[in-house]
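Structure at a glance
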Amino acid sequence: MFFDTHAHYDDKRFNEDREQLMTSMYEAGITLILNSGSSLRSSKFGLEMAGRYPFVYASAGVHPHDSKSMTDDTIHELEELMAHPKAVAVGEIGLDFHYDFSPRDVQKKRFREQMELARKLNKPVIIHERESLADTLEIVREYRDLSGVFHCFSGSWETAKILLDLGWYLSFTGVITFKNARKALEVIEKMPADRILIETDAPYLTPEPKRGRRNSSLYLPYICEKVAEVRGISLEEAAQITMENGKRFFRIK
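Let me sum up the structure you'll find in this document. (Residues numbered from 1 in each chain as written. Predicted model: local features only at pLDDT ≥ 70, side-chain atom pairs only at ≥ 80, totals over all residues. Heavy atoms only, no water.)

**Describing the environment of Ser156**
Here Ser156 shows up in the loop between strand S6 (148–150) and helix H6 (157–165). Separated by 75 residues in the primary sequence, Ser156 and Leu81 place their C-alpha atoms 35 Å from one another. The residues touching Ser156, leaving out its near neighbours within four places in the chain, are Lys183 and Val187. Of the polar contacts made by the side chain of Ser156, one reaches the backbone nitrogen of Thr159; its length is 3.2 Å. (Helix = DSSP H or I, 4+ residues; strand = E, 2+ residues; numbered from the N terminus. Contact = heavy atoms within 4.5 Å. Polar contact = N/O pair within 3.5 Å; in protein donor to acceptor, adjacent residues only side chain to side chain.)

Next up, the structure:
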């Protein structure tokens, strides 16, 4: 039984077969999915899906790419969405200085506002960070009372240790199956077992040996298998550990 802790089934690449795909999950052993919001639209869509499928939960948040589209009313709209009984986290939020689709000062402002919302609601956060580590860590340290996960983690052990010391979780995607994934594999090997999460980030980052295809939660076992290999445990044990971690982090009973 596997928990995909970060996917984007609101993406248009699922428009033609979304329902068929979702109904195939349980039989394939995918028993929990977290649909991560990246805008008001995607957050609403994820929560609608959570209402239809018992095994789907959702987060609500605005991705740094879309920070420039936020207004002062956006936080109030997100707060209303978070009242949904299956809204379990604020995210994905953070900073992205690789593309700079939104001005950096705007990204920081809206990141802090959403961290404040998570604090107000006592919810965990899902963080997106790309080429913005120092600034992201600065903001994360301002909210030491929050619990969070760095999704799609591919950083060094030194960075991982900083986050782990803060009590945070790290989540790993299909990138760990790629040939150049040395840093992430070192982190998986060294980090405490109770902080590891796995995700597909579907439809992105398809793992080997399915690379080049549209990703989905059906490929999550390949990621879990790599975690098991690195830690020297069975696939079943890795699946159980990451399932328990995901349920604890998102407070799913």
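**Considering helix H2 (residues 40–52)**
Across its 13 residues, H2 extends 19 Å between first and last C-alpha, which sits within 8% of the 18 Å expected from 1.5 Å per residue. When we look at burial in H2, the residues that qualify are Leu40, Ser42, Ser43, Gly46, Leu47, Met49 and Ala50. Buried residues belonging to H2 abut helix H1 (18–23), strand S2 (30–35), strand S3 (56–60), helix H3 (74–81) and strand S4 (87–96). (Expected span 1.5 Å × (residues − 1). Buried < 20%, exposed > 50% of the residue type's maximum accessible area, 1.4 Å probe, protein only.)

**Remarks on the pattern of salt bridges**
Counting across every chain of the model gives 16 salt bridges. In this structure, Asp11 and Arg13 form a salt bridge, with 3.0 Å as the shortest nitrogen-oxygen distance. Looking at Arg13, the relative accessible area reads 43%, which means it is partly exposed. Where Arg104 meets Asp100, a salt bridge forms, and the shortest distance between an N and an O atom there is 3.0 Å. Connected through shared salt-bridge partners, Asp72, Lys109, Arg110 and Glu113 make up one network. (Salt bridge = Lys/Arg side-chain N within 4 Å of Asp/Glu carboxyl O.)

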